[in-house]
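Spelled out from the first residue to the last, the chains are:
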Amino acid sequence: MLIASLAIYYSSANLRRHDFNNLLKSRAESVARLVLDSYEYNTNLILRSGTGNPAKLQDEKFLILTLDKDILYTTDKNWEFKEINTIIGQVRAGKDVFYKHNSYDVLGTLHRTGLYEFVVIGAAIDKDGHLHMKKLRIVLMVVCLVSLISFFVVGWFFSGRALKPISDIVSNVEDISITSLNLRVPEGVGNDEIGRLAKTFNKMLERLETSFGMQKSFIANASHELRTPLTSINGQIEVLMMKDRSTEEYRNTLGSVLEDIKSLIDLSNRLILVARTSSEGPSGYNNKIRIDEIIWQAQEEMKKFNPSYHISISLDNSVTDSEKIIVAGDEYLLKTAVTNLIENACKYSSDNSVFIKFGREDKWVKVVFEDKGIGIPEEDIRKILEPFYRSTNAVTIPGSGIGLSLVNQIVKNHNGSIDITSKLSEGTRITLQLPALT
Ligand code: ADP
């Protein structure tokens, strides 16, 4: 607005000056003609020539000089020109001179009469022009001021309206803390950027709430699992120390305490592994691991751990070359996953047997663990990978519920997948898929 107003004002001022200078020049020329052509230097005549003349300018004054600065004619005897030399110099060079002196617009021009040349200086006040300019100034200033105020008010109103959803979100977010992760920010009705931001933020809150909930239940479950064997150890020792016991009784109780301690160590080892694998995330393991070797080693270990386990292993026809079943991975973690699945299959089936089949499918190395055990209820299958989740039909069989979630984490870290299909009282089939190296 300011730039536009300044442009309007200066172009109008130029126009006024230009028009007035033209008027002044034609008036000066007519005065000069009248004076010089009639050879009659009569002020009264000149003044009379201006009276009632519509071309007469306000407060006009004229001065006619020879090029040697001799004054031939003046309408104002007290008129003094300090710039006379400059004017004569420029006029001689053939240029008209225009400039402003106080409120007067002044013109210097050359007038020729026959062979003679004269300098004509005219001055007048453009009262109407100045009045118009003053009015224009006031109008522009008022327009600028009014627009500024209306821009401010309208801008303030609309920006307030536009930013309201954001300030709503901000005040809602300020109320959200770890203890109130269930709160959500208003999503609004539209599908604009702010609505999308609020929806994304709510989704993030949902994920945070789930993961905080999982952490809470993980800690609660872990403490519970650790406390059970510790309470049992405590009870057994207290009973043992009530009176003197026979060597046989000491041996039996210590054997049972040892069992509890072993299960405690086993649980802590698994918890440490869960913590390690989940903090590592999907990693770029560099070691080349042959899956068949891992399975054979796991079979050896599990047979030592429980000789009643029957582990049969078969190789898929698809594997013609041992290179085809190599994966990039961590040997210890992969063996832990395989032993956990062998143990589960044997533990949850009355014949303590597992059938392992491995092979290659497209870019995947596949390992299938099949048993004819108690099976997993359908509604439990999707929860079974959560830490400490145990299905109802398995509560009589010892276990902590951490094994499958550890297997899942290990498989995820190897960019693989796990698939469980099961039928209650018929058996379970767990399939691992890991990306093949070649
Ligand atoms: P745990 O065996 O120590 O309870 P897991 O995490 O290994 O812990 O298994 C979680 C649950 O999944 C088990 O409690 C059991 O209910 C079920 N489950 C796992 N493997 C099998 C299986 N082969 N057959 C039947 N149920 C199984």
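Not measured: the values here are computed from a predicted model.

Rules and cut-offs
Residues numbered from 1 in each chain as written. Predicted model: local features only at pLDDT ≥ 70, side-chain atom pairs only at ≥ 80, totals over all residues. Heavy atoms only, no water. Pairing = 2+ DSSP bridges. Helix = DSSP H or I, 4+ residues; strand = E, 2+ residues; numbered from the N terminus. Axes fitted to C-alpha atoms, helices over the stretch in contact; angles between N-to-C directions. Contact = heavy atoms within 4.5 Å. Polar contact = N/O pair within 3.5 Å; in protein donor to acceptor, adjacent residues only side chain to side chain. 1 Å grid on protein atoms, 1.4 Å probe; cavity = no way out; pocket = protein on both sides within 12 Å on 5 of 7 lines; lining within 4 Å. Points joined across faces, edges and corners; volume = space filled by probe spheres on them. Nonpolar A, V, L, I, M, F, W, Y, C, P; charged D, E, K, R; others polar. Buried < 20%, exposed > 50% of the residue type's maximum accessible area, 1.4 Å probe, protein only. Near = heavy atom within 4 Å. Salt bridge = Lys/Arg side-chain N within 4 Å of Asp/Glu carboxyl O. Expected span 1.5 Å × (residues − 1).

(A) Here's a closer look at the sheet that holds strand 11 (residues 417-423). Read across the open sheet, the five strands follow the order 7-9-10-12-11; overall the sheet is mixed. Both outer strands of the open sheet, strand 7 (310-315) and strand 11, are each paired with one neighbouring strand and no more. Neighbour to neighbour, the strand axes of the sheet diverge by 15° on average, direction disregarded. Where strand 7 meets strand 9 (residues 353-361), six bridges bridge the pair, whose relative direction is parallel. Bridging across to strand 9, Leu315 finds its partner in Phe358. Contacts from helix 8 (residues 331-347) reach strand 7, strand 9, strand 10 (364-371) and strand 12 (427-435) within the one sheet, and its direction differs from that of strand 9 by about 140°.

(B) Examining the environment of Ser268 more closely. Structurally, the position occupied by Ser268 is in helix 6 (residues 247-280). With 83 residues separating them along the chain, Ser268 and Asp351 place their C-alpha atoms 29 Å apart. Reaching out from Ser268, the side chain makes a polar contact with the backbone oxygen of Leu264 at a distance of 2.5 Å.

(C) Representation of empty space enclosed by the protein in the model. Evaluated as defined, the whole model comprises one cavity of 30 Å³ or more. The calculated volume of the largest cavity comes to roughly 30 Å³. The wall of the largest cavity is formed by Ile291, Leu334, Ala337, Val338, Val367, Leu432 and Leu434. For the lining of the largest cavity, the secondary-structure elements that each account for two or more residues are helix 8 and strand 12. With three residues, helix 8 is the largest single contributor of residues to the lining of the largest cavity. Along the lines of polarity and charge, the residues of the lining of the largest cavity split into seven nonpolar, no polar and no charged.

(D) Region of interest: the pairing of strand 4 (residues 104-113). In terms of residue burial, strand 4 counts as a mostly covered element, since seven of its 10 residues are buried. By the bridge criterion, five bridges tie strand 3 (residues 97-101) to strand 4 in an arrangement that is antiparallel. When the sheet's bridge partners are listed, Tyr99 is paired in strand 4 with Val106. Linking two consecutive strands that pair antiparallel, namely strand 4 and strand 5 (residues 116-124), is a turn of two residues; a positive phi of about 60° is found at Gly114 within it.

(E) The arrangement of unusual backbone geometry in detail. Even without being glycine, Asn102 reaches a positive phi, approximately 50°. As for its placement among the helices and strands, Asn102 is situated in the loop between strand 3 and strand 4. With a relative accessible area of 66%, Asn102 lands in the exposed category. One non-glycine residue, Ser425, lies in positive phi territory at about 65°. Here Ser425 is to be found in the loop between strand 11 and strand 12. Assessed through its relative accessible area of 62%, Ser425 is described here as exposed.

(F) The arrangement of the site of the ligand in detail. In the vicinity of the ligand lie 20 residues, with Asn344, Tyr348, Arg390, Ser391 and Leu404 positioned nearest. A distance of 3.1 Å is found between an oxygen atom of the ligand and a side-chain nitrogen or oxygen belonging to Lys347. Residue Ser391 places a side-chain N or O atom 2.6 Å away from an oxygen atom belonging to the ligand. Of all elements in the fold, only helix 8 and helix 10 (403-413) reach the threshold of two or more residues within the shell around the ligand.

(G) How the structure looks around the pattern of salt bridges. As enumerated under the stated definition, the model contains 19 salt bridges in all. Note that Glu343 and Arg270 form a salt bridge whose closest N and O atoms lie 3.2 Å from each other. Residue Glu343 is located in helix 8, and its partner Arg270 is located in helix 6; the two are separated by 73 residues in the primary sequence. The same class applies to Glu343 as to Arg270, namely buried. Across the pair Asp292 and Arg290 runs a salt bridge whose closest N-O atoms are separated by 2.7 Å. The buried category is assigned to Asp292, whose relative accessible area is 10%.

(H) Highlighting the sheet that holds strand 2 (residues 71-74). If you trace the five strands from one edge of the open sheet to the other, you get 2-1-5-4-3, paired in antiparallel fashion. Looking at which strands have only one partner, the edges of the open sheet turn out to be strand 2 and strand 3. Neighbour to neighbour, the strand axes of the sheet diverge by 20° on average, direction disregarded. Examined bridge by bridge, strand 1 (residues 61-66) and strand 5 share six bridges and lie antiparallel to one another. Within strand 5, the position partnered with Phe62 by the bridge is Gly122.

(I) Structural context of the layout of surface pockets. Estimates place the volume of the second largest pocket at around 470 Å³. Surrounding the second largest pocket, 17 residues form its lining, Met214, Phe218, Ser278, Pro387 and Gln409 being those nearest its centre. Listing elements by their share of the lining of the second largest pocket, those giving two or more residues are helix 5 (193-240), helix 6 and helix 10. If one sorts the elements of the lining of the second largest pocket by residue count, helix 10 sits on top with five residues.

(J) Fine view of helix 6. Taking 1.5 Å as the rise per residue, helix 6 with 34 residues should run 50 Å; its terminal C-alpha atoms sit 48 Å apart, in good agreement. Summarising the contacts, the buried residues of helix 6 are in contact with helix 5, helix 8 and helix 10. Looking one or two residues past helix 6, Gly281 carries a phi angle of roughly 70°, positive in sign.

Any functional reading would require information beyond the geometric quantities listed.
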